[in-house]
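# Chains, contacts and geometry: an overview
Residue-level listing of the chains:
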Amino acid sequence: MKITHTLTALVALIALSGCTTPTRQHMRIANVKLAESEQKMAAGEWTQATALAEEAGAEVKLGIEARPIRKGAGGGDLDMTPLFAAWLNGPHHELVSALGANQAERATAAFAATRQQCANCHIAVGRPTIPVSGL
Ligand code: HEC
């Protein structure tokens, strides 16, 4: 009887959390923040757009830190840390810089490059179908 209750509670807990992991939760938030950042840019709210892009970067960081080593698409262990650093210091840095300078054309290109590199990391872990907003 007790075991049944424990099991029921466990199943409910898993259902409520959507079988998710810390990495996935942070990634989902990053995805939303990036979309919101682009909306703020379109509305001319540059300060908020910049802040949201920075927050998206912080969420991806937390997601990677939660589990930096994964099975790569090739089968062996893959350290996500350099992939994350390349993303943060490359297209994401350019995005934050363009938004901070209120430059729409530059930021639009940087949004695309940032998202493409989000997707590149998913490809590296054999998960090419992960949906990245705006791609
Ligand atoms: C350095 C690697 C890396 C980068 C960069 C990265 N991700 Fe991810 N992302 C992952 C990994 C690994 C997972 C798989 C988590 C899992 O399934 O356990 C993931 C999962 C996801 C998911 C699926 C969440 C779910 O509900 O299952 C989304 C959405 C996502 N990422 C969005 C993004 C977005 C948007 C960006 C860029 C702003 C980004 N990711 C950048 C590694 C990365």
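The rules behind the values
Residues numbered from 1 in each chain as written. Predicted model: local features only at pLDDT ≥ 70, side-chain atom pairs only at ≥ 80, totals over all residues. Core = buried A, V, L, I, M, F, W, Y, C linked by C-beta atoms within 7 Å. Buried ≥ 20, exposed ≤ 12 C-beta atoms within 10 Å, placed from the backbone. Helix = DSSP H or I, 4+ residues; strand = E, 2+ residues; numbered from the N terminus. Contact = placed C-beta atoms within 7 Å. Bend = angle between axes of the 7 residues up to and from the residue. Near = placed C-beta within 6 Å. Nonpolar A, V, L, I, M, F, W, Y, C, P; charged D, E, K, R; others polar.

### Examining the nonpolar core
By size, the foremost hydrophobic cluster in this structure holds 22 residues, and its most contacted members are Ala53, Ala56, Val60, Leu95, Leu99 and Ala107. Among the secondary structure elements, those contributing two or more residues to this core are α2 (22–42), α3 (46–66), α4 (81–100) and α5 (104–124). Not counting residues within four places of it along the chain, the set of residues in contact with Ala107 comprises Met41, Leu95, Ala98 and Leu99.

### Quick look at α4
Turn by turn, an α-helix covers 3.6 residues, leaving residues three or four places apart pointing in a common direction. In the structure, α4 departs most strongly from a straight axis at His92, where the bend amounts to approximately 40 degrees. For α4, the full list of buried residues reads Phe84, Trp87, Pro91, His92, Leu95, Val96, Ala98 and Leu99. Along its buried surface, α4 packs onto α2, α3 and α5. The positive-phi residue at the C-terminal boundary of α4 is Asn102, with phi of around 55 degrees.

### Points about the site of the ligand
Near the ligand lie 24 residues; those nearest to it are Arg24, Met27, Phe84, Cys118 and Cys121. If you list the elements that add at least two residues to the shell around the ligand, you get α2, α3, α4 and α5. Per-element accounting of the shell around the ligand gives the leading share, seven residues, to α2. Grouping the constituent residues of the shell around the ligand by class yields 16 nonpolar, four polar and four charged.

### A few points about the environment of Cys118
When you line up the elements, Cys118 lands in helix α5. C-alpha of Cys118 to C-alpha of Trp87: the two residues are 31 residues apart in sequence and 7.4 Å apart in space.

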